[in-house]
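Letter by letter, the chains look like this.
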Amino acid sequence: MKRRLYSGRDVNRAHSIDDLRAMARGRLPNFCFEYIEGGAEDETTLCRNRDVFNDIAFLPRTLVDVEHRNQSRMLFGQRIASPFMIGPTGYSGLMFREGDVKLASAAAAAGIPFVLSNVSTVALEDVVRRAGGRVWMQVYMYRTREFLAKLAQRSQEAGIEALVVTTDSAVFGKREWDLRNYIKPLMLDWRNKFDVLRHPRWMSNVLWPGGMPRFANLGDLLPPGQNSVKGATITLGQQLDPSLSWDDIRWLRDLWPNRLIVKGVLGAPDALRAVEAGVDGIVLSNHGGRQLDGAVSAMDVLPEVVDQVRGRLSVMLDGGFRRGSDILKAVALGADAVLLGRATTYGLSAGGQSGAARAIQILQTEVDRTLGLLGCSDIAALDRSYLRWPMLSPALARSHAGGEKDALSIA
Ligand SMILES: Cc1cc2nc3c(=O)[nH]c(=O)nc-3n(C[C@H](O)[C@H](O)[C@H](O)COP(=O)(O)O)c2cc1C
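This write-up is about the structure you can find in this document. (Residues numbered from 1 in each chain as written. Predicted model: local features only at pLDDT ≥ 70, side-chain atom pairs only at ≥ 80, totals over all residues. Heavy atoms only, no water.)

### Some words on the overall build of the protein chain
Each helix and strand counted, the protein chain has 16 helices and 14 strands in total. The C-alpha atoms of the protein chain give a radius of gyration of 21 Å, which matches the 22 Å a tight globule of 411 residues would have. Across its three principal directions, the C-alpha atoms of the protein chain cover 65 × 60 × 40 Å. Each of the 411 residues in the protein chain was classed as buried or not, and the buried ones make up 57%. Contacts spanning at least 24 positions in sequence make up 71% of the contacts within the protein chain whose residues lie at least 6 apart. Taken as a whole, the protein chain presents about 17,800 Å² of accessible surface, with 52% of it coming from carbon and sulfur. In the protein chain, 51 positive and 45 negative side-chain charges are present, and the distance between their average locations comes to 6 Å. (Helix = DSSP H or I, 4+ residues; strand = E, 2+ residues; numbered from the N terminus. Rg over C-alpha atoms; globule rule 2.2 N^0.38 Å. Buried < 20%, exposed > 50% of the residue type's maximum accessible area, 1.4 Å probe, protein only. Contact = heavy atoms within 4.5 Å. Areas by Shrake-Rupley, 256 points an atom, 1.4 Å probe, with all protein chains shown as cover. Lys, Arg positive; Asp, Glu negative; His and termini not counted. Charge placed at Lys NZ, Arg CZ, Asp CG, Glu CD.)

This is how it looks when you write it as structure tokens:
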């Protein structure tokens, strides 16, 4: 019999993120699945985000007592249950009704933070109130700075822990596979219209009774009544500010008293600028391969960034994480935490909150198992001496191997 991923409806029968992806593909109309799945142009960066993990191999220790294992760690002065969180994904309400609340609730139940996208369909105050847990708010930089100031104010009043400013989207990436589903902006072609009709389960969950979900956190930015996808897309296109600079980050730093994080850094020089701008953390990210095609993967630059800024701000990253072992490779290279994009979106799309919870559970179990197999009982002890990576120079490896002799074997 041919090997097949599980693609039924019971999320508990999903054994991997790939199973949840197969389930999502079955439940979602093609245009929604493509919105999640696609990358920019030739998808070189999208592929690199996955391929990079194959270039890094583990060097496990044997005969180590791993009966009790710990994957929790501190992030911004509080413990997170696992070294990962749910990152911002826009328009989650298109995958599942009130998708933002479902994702946030799954994260809170699992003891990890949730980052709410600015392009979300549930008001940030409702997400915080209904889900609890640690909620961070992602924002883009808009020409109308007063909007940002108001959003920061709202976020502070709602108890948002951190603002995450996405800086890689001043200009939109060209996602051609997504574009091909439309005959003109936001008008699906006939093939896709028929395909929607073939997904009544999705239609009754997402479209009934109110039609396409509307944006809930762009309030003052959009003209009255223009919070539909169509209205918002036009305004957003005009509002995204390509003149964004580090001065704007400094402006936001003065305005926002809680944690400030810049998402979209891809190299040590910008990481150092982030330190100078006084931010608390960075997310190394190429936006899941959806913006600049041909860009490096965050994993490619992680070691050099960590070496430059360790101890001065928190270094997080995203892009291509689908396995617990991927997450541990990043942690071994010095990351404080990983953000999940598609992994939890597949879960949400496959089965709402239980699907998202299943994605988290799969990854937590994989992290735990991998720690055991590595012969490392505490994530705090994981470092570069557990890795063999041709791109990791012996000098770099030694600088973070805690002086252990076997670090020299990394060449
Ligand atoms: C469907 C989708 C929507 C996204 N929306 C946003 C967004 O609104 N804001 C943002 O900063 N990043 C957004 N991203 C990028 C993610 O935050 C993250 O950088 C990326 O998905 C990580 O790669 P991965 O999907 O391979 O894990 C989105 C990604 C996807 C797949």
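Once the structure has been displayed, the description carries forward.
### Structural notes on the site of the ligand
Lining the immediate environment of the ligand, one finds 20 residues, of which Pro 88, Gly 90, Ser 117, Thr 166 and Asp 318 sit closest. Between the ligand and Gln 138, the relevant distance is 3.1 Å, taken from a nitrogen atom to a side-chain nitrogen or oxygen of the residue. For the shell around the ligand, the class distribution of residues is 4 nonpolar, 11 polar and 5 charged. (Near = heavy atom within 4 Å. Polar contact = N/O pair within 3.5 Å; in protein donor to acceptor, adjacent residues only side chain to side chain. Nonpolar A, V, L, I, M, F, W, Y, C, P; charged D, E, K, R; others polar.)

### Things to note about the nonpolar core
By size, the foremost hydrophobic cluster in this structure holds 112 residues, and its most contacted members are Leu 20, Ile 282, Leu 284, Met 299, Leu 302 and Leu 317. Sort the elements by how many residues they give to this core and helix α15 (residues 342–374) lands first, with 12 residues. When sequence neighbours within four positions are dropped, the list of residues in contact with Leu 20 reads Val 11, Ala 14, Tyr 346, Gly 347, Ala 350, Gly 355, Arg 358, Ala 359 and Ile 362. Counting residues in each nonpolar core, the second largest holds 13 residues, with Ile 80, Ala 162, Val 164 and Met 316 among its members. (Core = buried A, V, L, I, M, F, W, Y, C linked by side-chain atoms within 4.5 Å.)

### As for the layout of surface pockets
There is about 270 Å³ of room inside the second largest pocket. Elements represented by at least two residues in the lining of the second largest pocket include exactly α1 (17–27), α3 (44–54) and α15. Per-class residue counts for the lining of the second largest pocket are 4 nonpolar, 3 polar and 7 charged. (1 Å grid on protein atoms, 1.4 Å probe; cavity = no way out; pocket = protein on both sides within 12 Å on 5 of 7 lines; lining within 4 Å. Points joined across faces, edges and corners; volume = space filled by probe spheres on them.)

### So, helix α13 (residues 298–309)
Counting buried residues in α13 gives 9 out of 12 residues, a clear majority hidden from the surface. Those residues of α13 that sit buried are Ala 298, Met 299, Asp 300, Val 301, Leu 302, Pro 303, Val 305, Val 306 and Val 309. The N-capping residue of α13, defined by a side-chain oxygen 3.1 Å from the backbone nitrogen of Met 299, is Ser 297. Where α13 terminates, the next one or two residues include Gly 311, which has phi positive at roughly 85°.

### Thoughts on the pattern of salt bridges
Any two side chains of opposite charge can pair, given that their charged atoms come close. Applying the stated criterion across every chain yields a total of 20 salt bridges. Here Arg 145 ties to Asp 241 by a salt bridge, and the two come within 3.1 Å at their closest N and O atoms. Separated by 96 residues along the polypeptide, Arg 145 in helix α6 (residues 145–158) and Asp 241 in the loop between α10 (229–239) and α11 (246–255) bring together distant segments of the chain. No difference in accessibility class separates Arg 145 from Asp 241, as the two residues are buried. Note that Asp 248 is salt-bridged to Arg 145, the shortest N-O span being 2.5 Å. With Asp 248 in helix α11 and Arg 145 in helix α6, this residue pair connects regions lying 103 residues apart in the sequence. For Asp 248, a relative accessible area of 12% gives the class buried. In the salt-bridge network here, residues are joined through shared partners; they are Arg 48, Asp 55 and Asp 300. (Salt bridge = Lys/Arg side-chain N within 4 Å of Asp/Glu carboxyl O.)

### Examining a nonpolar patch on the surface
A cluster of nonpolar residues, Trp 190, Phe 194 and Leu 197, forms a patch on the protein surface that exposes about 410 Å² of accessible area. By secondary structure assignment, the location of Trp 190 is in helix α8 (residues 190–197). (Patch = residues over 30% accessible without salt bridge, like charges linked within 9 Å, V, L, I, M, F, W, Y side chains within 5 Å.)

### Points about empty space enclosed by the protein
The full count for this structure, using the stated rule, is 1 cavity of 30 Å³ or more. Looking at the largest cavity, its volume works out to about 50 Å³. Every residue along the wall of the largest cavity is listed here: Tyr 140, Met 141, Thr 166, Thr 167, Asp 168, Ser 169, Ala 170, Leu 240, Asp 241 and Leu 244. Its residues placed into classes, the lining of the largest cavity shows 5 nonpolar, 3 polar and 2 charged.

Taken by themselves, the reported measurements are silent on function.
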